[in-house]
Amino acid sequence: MKKNNAPINSLKHRANRTFKKTFKRLSDNNLWLKTAFVLSVVFFFTACTPKGEEKKGPKTVSSTVAPQRTVAAIVEGDTIFLETIDELAKKELYEVRSEVLFDQVTQTILNKEAKAKGISNEALIANEITAKLQPISEQSIVGYMQEGYGFSGTADPNSKLYRESKEFLENEQFEKAQAAYIKDLVATKTDIRILLKDPVSTETVDLREMVSYSRGNRASPIKVVVVSDYRCESCRKVHEALEPLYAKYEHAVEFYAVLFTESMTFAERASMAAGEQGKFWEMHDLLFKNQDVLNDTMIRGFAVQLGLDMEIFDMDAESDAVVNIINSNIEMLRSNGIVGVPTIIINDKLVPQGYGVPHIEAILKRMVAKTQ
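Residues numbered from 1 in each chain as written. Predicted model: local features only at pLDDT ≥ 70, side-chain atom pairs only at ≥ 80, totals over all residues. Heavy atoms only, no water.

Another point: the nonpolar core. Counting residues in hydrophobic clusters, the biggest one holds 44 residues, and the most contacted among them are Met283, Phe313 and Ile345. Every element with two or more residues in this core is listed here: strand E4 (211–216), strand E5 (223–228), strand E6 (254–259), helix H8 (266–275), helix H9 (280–289), helix H10 (296–305), helix H11 (310–317) and helix H12 (320–335). Apart from the residues lying within four places of it in its own chain, the contact partners of Ile345 are Val205, Leu207, Lys223, Val224, Val225, Val227, Ile338 and Leu350. Within the second largest apolar cluster, 19 residues are counted, among which are Val224, Val226, Phe255 and Val351. (Core = buried A, V, L, I, M, F, W, Y, C linked by side-chain atoms within 4.5 Å. Buried < 20%, exposed > 50% of the residue type's maximum accessible area, 1.4 Å probe, protein only. Helix = DSSP H or I, 4+ residues; strand = E, 2+ residues; numbered from the N terminus. Contact = heavy atoms within 4.5 Å.)

Structure below.
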């Protein structure tokens, strides 16, 4: 993936923009000045682009070619891939396995502790947990009844509500005490290894030729790509949910933003044009925050608010270079089987739909730990 804060800010693009701006300002009466100016620009382009010289671009992120994917369903033009279903199924299976594994590990630890003491599991729990519990006070029971059920008046220990509230608090106390006891037991054991691994996406996407803006640590080997559409409500929610991660991992992860839309609007072109003046992310945030009321006049107002040179902004927003980059990115996404938003990619691996931000943060936490 090609990156920089000015992905289309090439020498030719800047020269072309300067040419348009200067040419516009020359007086219509100074025809000879216009002619001389055009000839000088032609000479400049010729001199600055030697034949056979390879064009130097921004750094690219290493990537492998995307594998073929199997279509499982098509819903009004949107494709659901079998690989995505498999990834989600693996995630759900992992969560079930984790719960069962935790119970089994706990039971095994208790069994070994009871055997070491020469008593039964029941006796171990009675001696180490139940016997050490404090009686639930009437004040605690009444407080729970008031908070949970809006109870008022004099408490009757024989009432159903009172008995159920007391039972709930006793069970809660027991579970906390048991968890604390097991935690202490685990801390004394040196040979407990959890080998169950969290499944990661195996779907690989090829982003080598994609031009994008990034934030965070540009030298980081960890790359997170967020594909979104300014008119997509789910994309806005994901953007808002990811904002804390942008700040938390700004020194350890590089985050990219890539635009995907079925019909390009001024919003996409405006964000890229703002990026030409180093304000992509600021415009990106404003477009999402005002998603429900966006119009071209408001977007131009954002550009003014960000202190952009409006003459340059307008020319960049209408330039073929900006339109071509957005369209090229969209075509590359489609060639990788990405036809919907929001989509998140971590180090060229497609994150399955349904993975929430906490799960994504857990992945990043593990990856960052490995780099330290």
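This brings us to the pattern of salt bridges. Note that side chains of opposite charge can pair when their charged atoms are close. Going through the model one piece at a time under the given rule, you end up with 13 salt bridges. Between Glu164 and Lys160 there is a salt bridge; the shortest N-O distance is 3.9 Å. Of this pair, Glu164 and Lys160 both sit in helix H6 (residues 160–188), four residues apart, which is roughly one turn of the helix. Arg269 is the partner of Glu318 in a salt bridge, and the nearest nitrogen-oxygen pair spans 3.0 Å. Of this pair, Glu318 sits in the loop between H11 and H12 while Arg269 is found in helix H8, placing the two residues 49 residues apart along the sequence. Since its relative accessible area comes to 54%, Glu318 is described here as exposed. What makes Arg269 buried here is its relative accessible area of 16%. Taken together, the salt bridges that share partners define one network made up of Glu233, Arg236, Lys237 and Glu240. (Salt bridge = Lys/Arg side-chain N within 4 Å of Asp/Glu carboxyl O.)

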